[in-house]
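# Tertiary structure, described
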Amino acid sequence: MKMSIRPLALFKKDWQSEIRTRYAINALAMFILVTISVILFSIGDEKITEYLSGGLLWVVIFFSAMSGLSRAFVSEEERGTTLTLQLSAPPSSIFTGKLLFNLLLVFLMNFVITFLFIALFDSFIVKNYSLFFFAIVLGNIGISVSSTIIAAIISKAGSKGTLYPVLSFPILLPLILTLLELTKFAIDGDTIAGSFVELAVLVCYDVIMLAASYMLFDFVWKD
Amino acid sequence: MTDFNIELANISKNFGRRQIFRNLDFTLKTGQIYGIAGHNGAGKSTLVKIIAGVSTPNKGKLNWVKNGIALESEKYCDYLGYAAPYLILYDEFTAIENLHFLSGLRGNSPDNEYILRLLDEFKLGDRKDELLKGYSSGMKQRMKIISALADHPAVLIADEPVSNLDAEGKSSVYKALLENSNERITIIASNEQSDLDLCSEIISVENYKV
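A short tour of the structure in this document, coming up. Since the model is a prediction, treat every value here as computed from it, not as a measurement.

This part takes up helix H2 (residues 23-43) of chain A. All names here are of chain A. Helix length check: H2, at 21 residues, gives a terminal C-alpha distance of 30 Å against a target of 30 Å (1.5 Å per residue), a fit within 8%. Listed as buried for H2 are Ala-24, Leu-28, Ile-32 and Ile-36. Buried positions in H2, seen along its axis, are confined to an arc of 75° and lie on one side of it. Facing away from the buried side of H2 by more than 90 degrees, the exposed set consists of Asn-26, Leu-33, Val-34, Ser-37, Val-38, Phe-41 and Ser-42. Backbone geometry just downstream of H2 places Gly-44 in the positive-phi region, at approximately 60°.

Have a look at this one:
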């Protein structure tokens, strides 16, 4: 019972805090708007391929995640509330609470980005939406888990801003490459059965990252 | 009544080459109020953080024992109330929201009746719905004591419990620390004589220096 109350209490606190301060939501919204605007301006009247627009989608998603998701732990460290959390709940509950919050942010963020891409990029035409849906859902879980554990690691470091994308890039690279491939398949209209290997890679990535994060978090979190 | 002991066996701590204390060896028992004394920088806060399980000693072993069974360190927070000037609450939340959040984080449903009584006793009852960012440092310190007591902890650690408090605030804290102290382990880390006067046993960190 306690194991479920604790992460939910932390998730609720983070959400209420975000609604009041709007730090991560504003950072993400501004980043999404600016990046998509810059891409649209630079493309102009040029015709880009479906594959390139699919690639640009994941570029925007990766850098948007980098701009807002580190707040999960950095904000606690900056406010000095880390010790309050350490004294009140076991590390696994803290990680679960922060992960739930990042999951919500990533799903909201990627919903907005995908919607804007479908609305604004004529060349972004997905022929198999169910495959694209699975890719987005599994990708969101992978991005959330990776960004949460990396946020915990960099919150203890001095140069948080630069360290976050530097550490995230090699960890998220296999995920992004697989997602690029699946997006290409979805644009081509390939079946889910035909993309089984890539989907299995995503599932494995998510499970491995989740297990490794819970094991690592104990060491990251404690003094 | 739960039989609760905290056993420290040969605990040593150093930061780099600087040794803070070594071979601390004692047992804390339910019903007692322990004082941890020592001058500024002697290692009182370090010691209480080790006892709370959030700082790891370089040597030695810490055990929280409940009814004869040693607890896993992950379980310590279930029984702990901790108040200290360096412990920060959430400025963007009200007093009540902070207390409800911390109860939830400890895995408990908030005991609203007790929380309201504590807020009244600490003269914060009429400002319970204000954001903490509008509170003075003394009011925040009282909030920290309330948050430590709110879940009826079996182990209460109060590090410098009366810092930033006026005479009225100090007497409220002393009253709260003494109330129900026979049902828990109370640890007060301080160099104020009036704080240490509450204690049944004093542990001086100075005695464990090299």
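The next thing to look at is the packing of H2 of chain A against helix H3 (residues 50-68) of chain A. Residue and element names in this part refer to chain A. It is the contact of H2 with H3, at a shortest axis distance of 9 Å, that shows an interaxial angle of 150°. By the angle class used here, H2 and H3 are roughly antiparallel. Here the hand of the crossing between H2 and H3 comes out right-handed. Of the residues in H3, those touching H2 at Ala-24, Ala-27, Leu-28, Phe-31, Ile-32, Thr-35, Ile-36 and Ile-39 are Leu-56, Val-60, Phe-63, Ser-64, Ser-67 and Gly-68. Looking at the contact of H2 with H3 residue by residue, the classes come out as ten nonpolar, four polar and no charged.

Judged by nonpolar contacts, the single largest core of 111 residues is most densely connected at Ile-51, Ile-146, Val-155, Ile-157 and Ile-187 of chain B. Broken down by element, this core gets its largest block of residues, twelve residues, from helix H7 (residues 129-154) of chain A. Among all residues touching Val-155 of chain B, those that are not within four sequence positions of it are Phe-4, Ile-6, Tyr-79, Leu-80, Arg-184 and Ile-185 of chain B.

Further remarks concern unusual backbone geometry. Of note, the phi angle at Asn-67 of chain B is positive, near 50°, even though the residue is not glycine. Along the chain, Asn-67 of chain B falls in the loop between strand S4 (59-66) and strand S5 (69-70).

What follows covers the sheet that holds strand S7 (residues 155-159) of chain B. Residues and elements named next belong to chain B. What the five strands build is an open sheet, ordered S6-S7-S8-S3-S9; its pairing is parallel. This sheet does not close on itself; its edge strands, each paired only once, are strand S6 (80-83) and strand S9 (201-204). This sheet shows a mean twist of 15° between the axes of neighbouring strands, independent of strand direction. Pairing analysis gives five bridges linking S7 to strand S8 (residues 185-189), with the strands arranged parallel. In the strand pairing of S8, Leu-156 is matched with Thr-186.

With 19 residues of chain B in contact, the opposing surface of chain A contributes 21 residues. The element contributing the most residues to the side of chain B that touches chain A is helix H2 (residues 95-105) of chain B, with four residues. The residue makeup of the side of chain B that touches chain A, split by class, is twelve nonpolar, four polar and three charged.

Cut-offs and rules
- Residues numbered from 1 in each chain as written.
- Chains lettered and ligands numbered in written order.
- Predicted model: local features only at pLDDT ≥ 70, side-chain atom pairs only at ≥ 80, totals over all residues.
- Helix = DSSP H or I, 4+ residues; strand = E, 2+ residues; numbered from the N terminus.
- Expected span 1.5 Å × (residues − 1).
- Buried ≥ 20, exposed ≤ 12 C-beta atoms within 10 Å, placed from the backbone.
- Arc of directions from axis to C-beta.
- Axes fitted to C-alpha atoms, helices over the stretch in contact; angles between N-to-C directions.
- Parallel < 35°, antiparallel > 145°, perpendicular 65-115°, else oblique.
- Left-handed = near helix turned anticlockwise from the far one by under 90°.
- Contact = placed C-beta atoms within 7 Å.
- Nonpolar A, V, L, I, M, F, W, Y, C, P; charged D, E, K, R; others polar.
- Core = buried A, V, L, I, M, F, W, Y, C linked by C-beta atoms within 7 Å.
- Pairing = 2+ DSSP bridges.

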